[in-house]
Amino acid sequence: YPGMVRIPEGSAPYFKNKSYRITADVDIPAGGAEGVLMTQGGRFNGLGLYLLQGKPIFYYNLVGVERTAIAGKDKLAPGKHSIELSFKYDGGGIGKGGLATLTVDGKKVAEQKLTRTIAFRVSADETLDIGEDTGTPVSEDYHVPFRFTGPLNKVVIILPKAALSPEEQQELDKQEGANELVD
C-alpha cells in the first residue's frame, strides 16, 4: 500500500530470474495524475512502474547499461484503472531475458522483449518503494520522490516459483553467497 517505502532488498519481493506480475489499482482524478506506483533499485540498477504525464511506463534499468522504457501511448482517463506489468521470464539460466507486457484495464498498451535481466543483487542501499521513490530515480524521466498524485489503492506483486533448474539455483546461491558481507 502507499507509504510502504524503504523496504530492503532482502525483505522485498524477489524479481530476479523468474516471471512476475505487478498490478497497481489507481483512481485518476479529473486533472490527471503522475508519479511512482512501485520501484525497486535506482539509477544504477532496478525497475519501476509509474505514470509520467498521465501515461503508464514500466522502466527496466540493467546496471545502467541497458535501459528500457515500455510505455503506453495514451494518458489514462479519469476514473478507476488497473495498470499491470507482466514479465514472462525466458528461463534457461541466470539473468536471461523475457517478454514484458504492459496492460491497462486488461488491454495491452505496450510490449517489449528484455534481452537480459538483473541476475543477482539489485542494490546494496536502494529499496522497494510504493507510491514514491525514496532513493535515486530508476529512470532519468523524473526527480525523486515523484510521489503519485492520485489515489493509489494498492499494488499487488505476484511471484510464481523460480524458473531455474536445481543446478542453476545452486549456482545462483553460490554467487549470491559470494556477495554477502563477512564479519
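Everything below is about the structure shown above.
Predicted model only: the values in this text are computed from it and were never measured. (Residues numbered from 1 in each chain as written. Predicted model: local features only at pLDDT ≥ 70, side-chain atom pairs only at ≥ 80, totals over all residues. Heavy atoms only, no water.)

**Some details on the sheet that holds strand β9 (residues 128-130)**
Pairing within the open sheet is antiparallel, and its 5 strands lie in the order β5-β4-β3-β2-β9. Looking along the sheet, the strands with just one partner apiece sit at the ends: β5 (66-71) and β9. Adjacent strand axes in the sheet meet at a mean angle of 10°, parallel and antiparallel pairs treated alike. The sheet contact formed by strand β3 (residues 45-52) and strand β4 (residues 55-62) spans 7 bridges and is antiparallel. The residue of β4 that forms the bridge with L51 is P56. (Pairing = 2+ DSSP bridges. Helix = DSSP H or I, 4+ residues; strand = E, 2+ residues; numbered from the N terminus. Axes fitted to C-alpha atoms, helices over the stretch in contact; angles between N-to-C directions.)

**Quick look at the sheet that holds strand β7 (residues 96-104)**
With respect to topology, 5 strands assemble into an open sheet ordered β8-β7-β6-β1-β10, the strand pairing being antiparallel. Both edges of this open sheet fall to β8 (107-116) and β10 (152-158), since each of them pairs with a single strand only. For this sheet, the mean angle separating the axes of adjacent strands, direction not counted, is 15°. Relative to β7, strand β6 (residues 79-89) runs antiparallel, the two sharing 7 bridges. Across the sheet, residue S86 finds its bridge partner in β7, namely T101.

**Topic: the pattern of salt bridges**
On inspection of all chains with the given rule, the structure shows 9 salt bridges. Linking R121 and E9 is a salt bridge whose minimum nitrogen-to-oxygen distance equals 3.4 Å. Note that R121 is positioned in the loop between β8 and β9 and E9 in the segment before β1 (20-28), a separation of 112 residues in sequence. For E9, a relative accessible area of 13% gives the class buried. (Salt bridge = Lys/Arg side-chain N within 4 Å of Asp/Glu carboxyl O. Buried < 20%, exposed > 50% of the residue type's maximum accessible area, 1.4 Å probe, protein only.)

**Quick word on the environment of Y14**
Relative to the helices and strands, Y14 is located in the segment before β1. Between the C-alpha atoms of Y14 and A100, which are 86 residues apart in sequence, the distance is 16 Å. Aside from chain neighbours lying at most four places away, what touches Y14 is L159, L172 and E176. (Contact = heavy atoms within 4.5 Å.)

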